[in-house]
Amino acid sequence: MHKKPVLLILLGCAIGIWLAAAWLKENSVANVVVAMSRTADNEWFVSYKFDEPVQRATFVRNPDHSRIKRWQPLEPDYYLAIDSETDQEYIARVDGNSFNSVAFQLTPSYVMLRKDYAPFAPFSDSGVGWFSGRFKVCPESCSSALRFTYDFSMQAPLSDYIRLPGESARGELQWREEASDGVVVYVGPQAPREALDDGLQTIIDPILPDSLKQRLARDVPPMKAFFNQRLPLLEQQPMLLASFSPTDNGRFGYQGGVIGNQMMLHWYGHSMAERATAPYFVEDTLWFVAHEIAHLYQGGQFTTDQAWIHEGAAEFMALSYLRSIYANGIYLQHRVRSAEEKCASTSDPIEIHYACGLLWAQQIDDRIRQQYPHGLYFLWFTYVNELATQGRRDSADLYFELLAQLTDDVFAQQLRAQVAARYPQL
């Protein structure tokens, strides 16, 4: 055999091996070890370990830049910064060298994140709920974040329980997550106990007024029964975490969220006992809780670029639940009028999700009820089942397909045009 063909063959083999190695490196699953710890003095730390040395570690979720002020590297060789092109926070070394591990001390107080779940939700009894999604980083960049897995561990004093849905331990607990997953981890004195009669595990801040705690215990079961009759049943036992934290900036309010089968309700600001006597506090609370329970029943089918689909539906479902129990009619009229005014004037995408979303959901309900008595709930029952069967997620197209089937193409197209007019960026 001539030398030239042999060299070409060898060169081709080398290139093939190099390409295969590059493909395997790019598509193989990489693991990140995330170790959270809490000391007896309520000092919190997080450390990261990587399979291979990295030049930087980029955070998966970046709703704001508060980590730069609230995270302190344990070694002066490291820093947090913001990528000017991607607006993502990242970790790097001052000297530019690569690294395999890094650790930080954390500020475990509540911070309001408008586009994400708070990293910490403190309880008055020294308990803390923290959101794991806030602590995930990608080796180098997050352009292919789904190929990373995360081995979490939580260490705490033996006096604390570490609780996840269906799991609890003292001292240390370990679990694994994907990049798209997230869970609220409770660390504190509240021990696991038997679920309520409706199958709900609860972790309730003792500082909340007795009237509010009694209302949660009294009103959550009928809310669940209401949704059980209209939407696919929950596959897992849900967990409710209700907490409170004071603020020193004069702000007050509440923030909720649903992650998997966990529902978080957090109040912040001044005295809850004082606020509980304010006008419409009961109605506001019922709406707030019903909205979050609606999210539980939406089966994790939350769109990203058109959040009006799930937020608007949850707003309408809260409205319909309060109507079903004959809540204060003046309050309900005010909520609808407020949505109409905001939808007509706002350019804030988040307000559009809620205000316009409520109005669009009401249009959908009215139109579907002309043929099917359960209206919007029938659409969501079908939508959740279809997405679960097909494995599709974030599918606005499917939502409109099902809407056209339950109404007609003209109505679905008209609604889609209304949505597009309020979201010019889509």
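Everything numeric here is computed off the predicted structure, so don't read it as measured data.

Caption draft 1: Molecular detail of the confidence of the model for the chain. Looking at the chain, the pLDDT average stands at 88 and 90% of residues meet or exceed 70. Note on residues 16-27: pLDDT under 50 across the span, and five contacts to partners over four residues away in sequence or across chains.

Caption draft 2: Examining helix 11 (residues 409-422) more closely. When the terminal C-alpha atoms of helix 11 are compared, their 20 Å separation across 14 residues agrees well with the 20 Å that a helix rising 1.5 Å per residue should span. Here helix 11 has its buried residues at F411, A412, L415 and V419. Mapping the buried residues of helix 11 onto a view down its axis gives an arc of 100°, with all of them on the same face. Across helix 11 from its buried face, at more than 90 degrees, point the exposed residues V410, Q413 and A421.

Caption draft 3: Main features of the sheet that holds strand 19 (residues 262-268). Across the sheet, which stays open at both edges, the four strands sit in the order 16-17-19-18 with mixed pairing between neighbours. In this open sheet, the two edge strands, each paired with only one partner strand, are strand 16 (201-204) and strand 18 (253-259). Adjacent strand axes in the sheet meet at a mean angle of 10° when their direction is disregarded. Alignment of strand 17 (residues 239-245) against strand 19, held across seven bridges, turns out to be parallel.

Caption draft 4: Spotlight on the nonpolar core. By size, the foremost hydrophobic cluster in this structure holds 72 residues, and its most contacted members are W308, I364, L376 and W380. Here W308 is in contact with A313, H353, G357, W360, I364, Y399, F400, L415, V419 and Y423, once residues within four sequence places are set aside. Counting residues in hydrophobic clusters, the runner-up holds 41 residues, among them A30, V34, V46 and I91.

Caption draft 5: Fine view of the pairing of strand 2 (residues 44-54). Here strand 1 (residues 30-38) pairs with strand 2 via seven bridges, running antiparallel. Across the sheet, residue M36 finds its bridge partner in strand 2, namely V46. The loop that links strand 1 with its antiparallel partner strand 2 comprises five residues; one of these, N42, has a positive phi angle of about 65°. Inspection of the sheet shows strand 2 paired to strand 7 (residues 99-106) by seven bridges, in the antiparallel sense. Bridge assignment links W44 to a residue of strand 7, and that residue is L106.

Caption draft 6: A look at empty space enclosed by the protein. One pass over the structure, following the stated rule, counts two cavities of 30 Å³ or more. Estimates place the volume of the largest cavity at around 210 Å³. Along the walls of the largest cavity sit 19 residues, with A118, A121, V184, M264 and H266 positioned nearest its centre. Mapped onto the lining of the largest cavity, the elements with two or more residues apiece are strand 8 (120-122), strand 9 (128-131), strand 17, strand 18 and strand 19.

Caption draft 7: Main features of the side chain of R163. Inspection of the secondary structure puts R163 in strand 12 (residues 161-164). No salt bridge is formed by the buried R163; the nearest opposite charge belongs to D125, separated by 8.9 Å. Each residue touching R163, except ones within four places of it in the same chain, is listed here: S168, V184, V185, Y186, Q190, A191, P192, Q201, T202 and I203.

Caption draft 8: Fine view of the pairing of strand 19. With respect to burial, strand 19 is a largely interior element, seven of its seven residues being buried. The alternating pattern of strand 19 places Q262, M264, H266 and Y268 on one face and M263, L265 and W267 on the opposite face, and all of these are buried. Inspection of the sheet shows strand 18 paired to strand 19 by seven bridges, in the antiparallel sense. Bridging across to strand 19, Q255 finds its partner in H266. The hairpin turn running from strand 18 into strand 19, its antiparallel successor, is two residues long, and G260 in that turn takes a positive phi close to 60°.

Caption draft 9: A look at the packing of aromatic side chains. Across all of its chains, the model carries 33 aromatic pairs by this definition. Pairing W130 with F152 gives two aromatic rings, centres 6.1 Å apart and planes at 45°, and the pair type is tilted. Residue W130 is located in strand 9, and its partner F152 is located in strand 11 (residues 148-155); the two are separated by 22 residues in the primary sequence. Each member of the pair W130 and F152 is classed as buried. Considering the side-chain rings of W267 and F288, the 5.5 Å spacing of their centres and the 90° angle between planes classify their relative orientation as edge-to-face.

The rules behind these values
Residues numbered from 1 in each chain as written. Predicted model: local features only at pLDDT ≥ 70, side-chain atom pairs only at ≥ 80, totals over all residues. Heavy atoms only, no water. pLDDT = per-residue confidence, 0-100. Contact = heavy atoms within 4.5 Å. Helix = DSSP H or I, 4+ residues; strand = E, 2+ residues; numbered from the N terminus. Expected span 1.5 Å × (residues − 1). Buried < 20%, exposed > 50% of the residue type's maximum accessible area, 1.4 Å probe, protein only. Arc of directions from axis to C-beta. Pairing = 2+ DSSP bridges. Axes fitted to C-alpha atoms, helices over the stretch in contact; angles between N-to-C directions. Core = buried A, V, L, I, M, F, W, Y, C linked by side-chain atoms within 4.5 Å. 1 Å grid on protein atoms, 1.4 Å probe; cavity = no way out; pocket = protein on both sides within 12 Å on 5 of 7 lines; lining within 4 Å. Points joined across faces, edges and corners; volume = space filled by probe spheres on them. Lys, Arg positive; Asp, Glu negative; His and termini not counted. Salt bridge = Lys/Arg side-chain N within 4 Å of Asp/Glu carboxyl O. Phe/Tyr/Trp six-rings, centres within 6.5 Å; stacked < 30°, edge-to-face > 60°.

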